[in-house]
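Listed below, chain by chain, are the residues.
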Amino acid sequence: MNPVVVAVAITGSVPRKKDNPAVPTLPAEQVESTHEAFEAGATLVHIHVRNDDESPSSDPERFAAVQEGVRRHCPDMIVQFSTGGRGRDQAARGSSLSLRPDMASLSTGSVNFPTIVYENATSLVEDLATKMRDNGVLPEIEIFDLSHIHAARRLVDAGLMKETPHVQFVMGVKNAMPAEEHLLDILLAETRRILPKATWTAAGIGANQARVMDWALARGASAVRTGLEDNVRVAKDRLAASNAELVRVAVDLIGRHGGRAASPAEARAALGLPAAA
Ligand code: ZN
């Protein structure tokens, strides 16, 4: 088994400190939480930023502060910005891509979420993909539905994206795709057919986190994803003490599948990223 990239989604746009005091929402807290996760074996950090009142933010200064802190404390870590839309002005979602993070998330289609429609019009998707291409940012395609794989292929055909994106199947968001093992096989088969050079991972939301990770590892995923964004618990009845604790759970699961967490250099090689500057 190849070394597996451990991605940690430290903050997200939904959980608040009242849900779990360990959710890092200020830049300094986010840098510290990332550093702990890095030392526990994570090599990719997925970043949302918040305003002081914990509402989602698109402020490039906040993104810059977190990126700078992460690069100072763990220079090899792969930095991925979210361009996700929850609670953010559509027009501002790509405003931090000029900071040239290693990667950014890119949702290629719309989907129902628990209480909103997560809107990703084709024009917006193309605009974000163009900014990523022009800034040398590797997209992580967020697949909430089968059609989103085909939308990603259209970006490749239009010259807006290389044939080697990283793809993440997101399962278990209420009102969107359920976390069912046979659906992962369908998504994976379709991705291998139309985006054969893509690397891939799968994210299970809430109580689905561990089992989706298990299915992904059994199918040779390039990466697994964990973190407080997706799930504030390590068990049904216990809050996670930190992102690092969730990373340790993921690293343990990788070991039980006969693998190990990738080193930072291995993680960059696996995703086709250049060595850290
Ligand atoms: Zn996110």
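Structure: above.
Residues numbered from 1 in each chain as written. Predicted model: local features only at pLDDT ≥ 70, side-chain atom pairs only at ≥ 80, totals over all residues. Heavy atoms only, no water.

Chemist: Whenever I open this one, the overall build of the protein confuses me. Can you help?
Modeler: For the protein, the count of helices and strands is eight helices and 14 strands. In terms of overall dimensions, the protein is globule-like: its C-alpha atoms have a radius of gyration of 17 Å, near the 19 Å expected for 277 residues. Once the C-alpha set of the protein is aligned to its principal axes, its extents read approximately 45 × 40 × 40 Å. Nonlocal contacts in the protein, meaning residues at least 24 apart in sequence, comprise 71% of its contacts between residues at least 6 apart. Split by element, the accessible area of the protein, about 11500 Å² in all, is 51% carbon and sulfur. Side chains of the protein carry 30 positive and 34 negative charges; the gap between the two charge centres is 2 Å. (Helix = DSSP H or I, 4+ residues; strand = E, 2+ residues; numbered from the N terminus. Rg over C-alpha atoms; globule rule 2.2 N^0.38 Å. Contact = heavy atoms within 4.5 Å. Areas by Shrake-Rupley, 256 points an atom, 1.4 Å probe, with all protein chains shown as cover. Lys, Arg positive; Asp, Glu negative; His and termini not counted. Charge placed at Lys NZ, Arg CZ, Asp CG, Glu CD.)

Chemist: Explain the coordination of the zinc ion here, please?
Modeler: Working reference: metal with six octahedral donors, ideal angles 90 or 180 degrees; metal with four tetrahedral donors, ideal angle 109.5 degrees. Surrounding the zinc ion are the protein donor atoms His-46 (NE2), His-48 (NE2), Glu-229 (OE) and Glu-229 (OE), which sit 2.0 to 2.7 Å from the metal. One can describe the donor arrangement at the zinc ion as irregular, given that its four donor atoms subtend angles of 52 to 131° at the metal. Read N to C, the donor residues that coordinate the zinc ion are spaced as H-x1-H-x180-E. Of the two residues, His-48 sits in the loop between strand E2 (44-47) and strand E3 (49-50) while Glu-229 sits in the loop between strand E12 (223-226) and strand E13 (233-235), which places them 181 residues apart along the sequence. Note on His-48: relative accessible area 8%, which makes it buried. On the accessibility criterion, Glu-229 (17% relative accessible area) is buried. (Donors = N, O, S within 2.8 Å, 3.2 Å for Na, K, Ca; no water. Tetrahedral: all angles 85-135°; square planar, octahedral: opposite > 155°, others 65-115°. Buried < 20%, exposed > 50% of the residue type's maximum accessible area, 1.4 Å probe, protein only.)

Chemist: I'm lost on the side chain of Asn-243 in this one. Help?
Modeler: Here Asn-243 shows up in helix H7 (residues 243-256). One polar contact links the side chain of Asn-243 to the main-chain carbonyl oxygen of Ile-10, over a distance of 3.1 Å. (Polar contact = N/O pair within 3.5 Å; in protein donor to acceptor, adjacent residues only side chain to side chain.)

Remember, this is a structural readout, not a statement about activity or role.
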